[in-house]
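Single-letter residue listing:
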Amino acid sequence: MDIKDRHDAWLLLDEAHSYGVLGKTGRGLCEHFNVDPKRIELTIGTLSKSFASSGGFIAADTNVIEWLRFTLPGFVYSVGLSPATVASAHKALDILRAEPQRVTKLRSNSCHFLDAAKAANLNTGMAVGEAVVPILFSSPEECMFVAETLMAQGIYAPPVIHVGIPKDLPRIRFFISAAHSIADLDRVVVAVAHAAQLFQTQHARLSAE
Ligand SMILES: Cc1ncc(COP(=O)(O)O)c(C=O)c1O
């Protein structure tokens, strides 16, 4: 913030992963770092994550928004969000405001999942335990195998492999929710560890043959 102010630069903040997650009441990065949101020139966000809808938004000074309205292709040759989409995001926002304890629960669930994964010797990379926790695998094949094994057990956690992420860092991203129970989270960690172990045993056997 100080660097941008010193150089009279603008900051564009992407809060896609932080609204509903970071800060005591889920208000995002500014609340988390105790920064006045008015100091941020442009903030973008999506309705597709914590707000359980689709579409996105941009927040800025009135003059900037007015300029964007007349220049962004999304406004000039397209239509706005549908009322149903806006209504569901609006409701999610109401719930977030009325029940900030969900943010606390999300944080404790995320930390629990991260700690349990680490205790099971799973590679969680640079995860900090805030809603999205990745588990990394040593090959795309192992990653696919684990995801398929989880799916067969009713756990929906799709694999993320190249080109979505670098070739050597295949992973499954686990999206933790305030509605998960500790038992749900523990069950997933055990299932991942077990599937990874199975893959490694089979792989070692095949390599030896
Ligand atoms: C950092 C970041 N910004 C913006 C978006 C855009 O989200 P959407 O296209 O769902 O609105 C995403 C989606 O994953 C994201 O990860």
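Residues numbered from 1 in each chain as written. Predicted model: local features only at pLDDT ≥ 70, side-chain atom pairs only at ≥ 80, totals over all residues. Heavy atoms only, no water.

Going by an unreviewed UniProt entry, the chain carries the name Aminotransferase class I/II-fold pyridoxal phosphate-dependent enzyme and comes from Shimia litoralis. UniProt, in the comment section headed Cofactor (unreviewed entry), describes the chain in these words: "pyridoxal 5'-phosphate". (UniProt positions renumbered as here; feature names shortened; annotations may be inferred.)

Enquirer: What is the right way to read the packing of helix α6 (residues 101–119) against helix α8 (residues 182–208) from this model?
Expert: Relative to each other, α6 and α8 sit at 30°, their axes nearing to 10 Å. Classified by the angle their axes make, α6 and α8 are roughly parallel. Here α6 and α8 pass one another in a crossing that is right-handed. Within the contact between the two elements, α6 uses Asn 109, His 112, Phe 113, Ala 116 and Ala 117 and α8 uses Ile 182, Leu 185, Asp 186, Val 188 and Val 189. Classifying every residue of the contact of α6 with α8 gives seven nonpolar, two polar and one charged. (Axes fitted to C-alpha atoms, helices over the stretch in contact; angles between N-to-C directions. Helix = DSSP H or I, 4+ residues; strand = E, 2+ residues; numbered from the N terminus. Parallel < 35°, antiparallel > 145°, perpendicular 65-115°, else oblique. Left-handed = near helix turned anticlockwise from the far one by under 90°. Contact = heavy atoms within 4.5 Å. Nonpolar A, V, L, I, M, F, W, Y, C, P; charged D, E, K, R; others polar.)

Enquirer: Got a minute to help me understand the domain arrangement of the chain in this structure?
Expert: A common way to express how large an interface is: the accessible area buried when the components associate. Each domain of the chain was delimited in the assignment, giving domain 1 (2–98) and domain 2 (101–208). For domain 1 versus domain 2, the separation of C-alpha centres amounts to 29 Å. Each side of the interface is counted separately: domain 1 has eleven residues, and domain 2 has eight residues. Of the roughly 600 Å² buried between domain 1 and domain 2 on both sides combined, carbon and sulfur atoms contribute 61%. The interface formed by domain 1 and domain 2 includes zero salt bridges. Connecting domain 1 to domain 2 are two residue pairs in polar contact (both at pLDDT 80 or more). Each residue belonging to the side of domain 1 that touches domain 2 can be placed in one class, and the counts come to five nonpolar, five polar and one charged. (Domains from an automatic or database assignment. Buried area = accessible area lost by both parts, 1.4 Å probe. Salt bridge = Lys/Arg side-chain N within 4 Å of Asp/Glu carboxyl O. Polar contact = N/O pair within 3.5 Å; in protein donor to acceptor, adjacent residues only side chain to side chain.)

Enquirer: Sorry, what's going on with the site of the ligand here?
Expert: Neighbouring the ligand are Asp 14, Ala 16, His 17, Thr 46, Ser 48, Lys 49 and Gly 55. Side-chain polar atom of His 17 to an oxygen atom of the ligand: 2.7 Å apart, as the coordinates give it. Interatomic distance of 2.6 Å between a side-chain N/O atom of Ser 48 and an oxygen atom of the ligand. For the shell around the ligand, the per-class residue count stands at one nonpolar, four polar and two charged. (Near = heavy atom within 4 Å.)

Enquirer: Could you clarify how one ought to interpret the UniProt feature "domain: Aminotransferase class I/classII large" (unreviewed entry) in the chain in this entry?
Expert: Here the UniProt-annotated "domain: Aminotransferase class I/classII large" (unreviewed entry) positions come out as residues 2–191. Taken end to end, residues 2–191 has its terminal C-alpha atoms 46 Å apart, with 42% of it in helix and 13% in strand.

Enquirer: Teacher, can you tell me more about the environment of Arg 107 here?
Expert: Mapped onto the secondary structure, Arg 107 falls in helix α6. Residue Arg 107 is classed as partly exposed on the basis of its relative accessible area of 25%. With 79 residues separating them in the primary sequence, Arg 107 and Asp 186 have C-alpha atoms 16 Å apart. Those residues in contact with Arg 107 that lie beyond four places of it in its chain are Val 21, Leu 22, Gly 23, Gly 129 and Glu 130. (Buried < 20%, exposed > 50% of the residue type's maximum accessible area, 1.4 Å probe, protein only.)

Enquirer: What is the right way to look at the sheet that holds strand β4 (residues 132–136) in this model?
Expert: Strand order in the open sheet formed by three strands is β4-β6-β5, with antiparallel pairing between adjacent strands. Edge positions in the open sheet fall to β4 and β5 (159–160), since each of these has one partner strand only. Taken together, the five bridges between β4 and strand β6 (residues 171–175) define a ladder with antiparallel strand orientation. Note that in β6 the partner of Ile 135 across the bridge is Ile 172. Relative to the sheet, α6 contacts β4 and β6, its axis offset from that of β4 by approximately 15°. (Pairing = 2+ DSSP bridges.)

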